[in-house]
Amino acid sequence: MKNYALLAIAAVGMLAACSKNEVTPQTQPDVIDSNDPVAVEFGLGNPAALLTKGSGTVGGVAGENNWTGEEELYILGFRRLTTPDYTNAATDAFMWQRLAEWDVDFAGGSADTPTAIKVTNPDTNEPYYYGGGEHDVYDFYGYHVDDAYYDADTDTNGGEPVPVCEADRIYVPVKIDGSQDLLVAKADPATDIQTAIDAGHTQAAMVAVGNAYSAYAARRGVQPNLNFRHKLARFTFQIIPGSASADEVQVSGIRLESKTDANLVVVGAATEDAELADIADAKSWLDLRLVGGGSLADTPAVTMDYADYEADAENKDNNRTDVGESILAIPGEAEYQVEVTLTHRDPDIQTDVDPVVKTINIANMQNAAEGAPTDAFTAGYSYNVVIKIYGLEEVEITVTLDEWKDGGETIIDPDDEDNAPTVE
């Protein structure tokens, strides 16, 4: 006799709050022109809205979206040119591949105050200083790749990234495993001029976009703020029981299929809106892991209690159990495959159950928040996948899409033999 594992997968897509993060204004007072050298000072976006953790490669608490002080941020700076050519950027740059130092107290595991970084010139062991000439105007960039840097020559991941320089762009080759967050930033002169004005730097209004960033602009309170933006789509997972038989099983694995190889454009004509470039077609399964990097199968069972769930009838739609941390995938697809593996809670029952694989599709989202993309899963957006467990009975699929801002939902119910894993 055949049994069936009954799951309902709800993909809840939450609109990412990664668009225009607030920036921290520099606090130096208004100054007048002088011949004294002026140091380059960097600020970062609000630490409470910047970094989404992957599945545990960086410390932190599940669901948090902030810096912990363990992230490596690489900074690049270039004298602004009418016609940029980055072929020899590694030797011509004003600031090349400098690893930033955190200038903030991360007591308690994460920064709870506006965050800043320091970048030291290795030749002088001092800060970088703006040049004093009228053409000494600079642009600044930053990126974070965790351990996703990919060296094709050695077929390995990790280590210090080695950017590739071409005439019109600079990029870092990456290969993701679902746990890394890829971030890119470019300082925006117009934004930072307004930030300085709002902070009370009266002379900042004299700074034109073409003058920032420079010693002239810095003396008027205008310094670069690097607002990092996510370049991957995030998938989080929760479970709820659909019947009493759900108490008999446990979730022992969740995977999502994604493309994995691409080039992260750090500098180039479209850096402000850059997506991953040169994405390879090949796909791999990315495993959901726990905060700290552990496997679902190696942890205490992810189980359910149907009686407790039903007892809280008014809140049961939101009474969900978080599973793992998140999977960060290459965006741009209209659909992804999600695989869920169940095992029996009783260790004496060794029945094999085939994993359930279901497609989540962006086109199923209804009542999306204004501006939310509906044609593809998008970088900077977080999609919460809710898995409804009915035990070893049959298969039913429910897909809902929710956003960090309300995104609505849709239901798919393909109750057919093709979706039902059999048990011998």
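Residues numbered from 1 in each chain as written. Predicted model: local features only at pLDDT ≥ 70, side-chain atom pairs only at ≥ 80, totals over all residues. Heavy atoms only, no water.

On the basis of which strands lie adjacent, the open sheet formed by four strands has the order β20-β18-β22-β23 and antiparallel pairing. Two strands lie at the open edges of the sheet, namely β20 (283–287) and β23 (356–361), each paired on one side alone. Strand-to-strand twist in this sheet, taken as the mean axis angle between neighbours without regard to direction, amounts to 30 degrees. Of the strand pairs in this sheet, strand β22 (residues 335–344) and β23 are connected by six bridges, and their pairing is antiparallel. Across the sheet, the residue bridging to glutamine 337 is threonine 359, located in β23. (Pairing = 2+ DSSP bridges. Helix = DSSP H or I, 4+ residues; strand = E, 2+ residues; numbered from the N terminus. Axes fitted to C-alpha atoms, helices over the stretch in contact; angles between N-to-C directions.)

It is worth spelling out the confidence of the model for the protein chain at this point. Looking at the protein chain as a whole, the pLDDT averages 76, with 73% of positions reaching at least 70. The weakest mean pLDDT in the protein chain belongs to strand β1 (residues 6–14) at 50; the strongest belongs to β20 at 96. Counting contacts from residues 46–64, a segment whose pLDDT is below 50, to residues more than four positions away or on other chains yields 81 contacts. (pLDDT = per-residue confidence, 0-100. Contact = heavy atoms within 4.5 Å.)

The next point concerns the packing of aromatic side chains. Tallied over the entire structure, the rule returns 15 aromatic pairs. With a centroid separation of 4.2 Å and 35 degrees between ring planes, the pair formed by phenylalanine 94 and tyrosine 138 is classed as tilted. Of the two residues, phenylalanine 94 is situated in the loop between α1 (89–92) and β4 (95–99) and tyrosine 138 in strand β9 (residues 138–144); the sequence distance between them amounts to 44 residues. Assigned by exposure class, phenylalanine 94 and tyrosine 138 land together as buried. Here the aromatic residues Phe42, Phe94, Tyr128, Tyr130, Tyr138, Phe140 and Tyr213 are joined through ring pairs into a cluster of three or more. Over the face of the ring belonging to tyrosine 150 we find lysine 175, whose NZ or CZ atom lies 4.8 Å from the ring centre. (Phe/Tyr/Trp six-rings, centres within 6.5 Å; stacked < 30°, edge-to-face > 60°. Buried < 20%, exposed > 50% of the residue type's maximum accessible area, 1.4 Å probe, protein only. Lys NZ or Arg CZ within 6 Å of the ring centre and 35° of its normal.)

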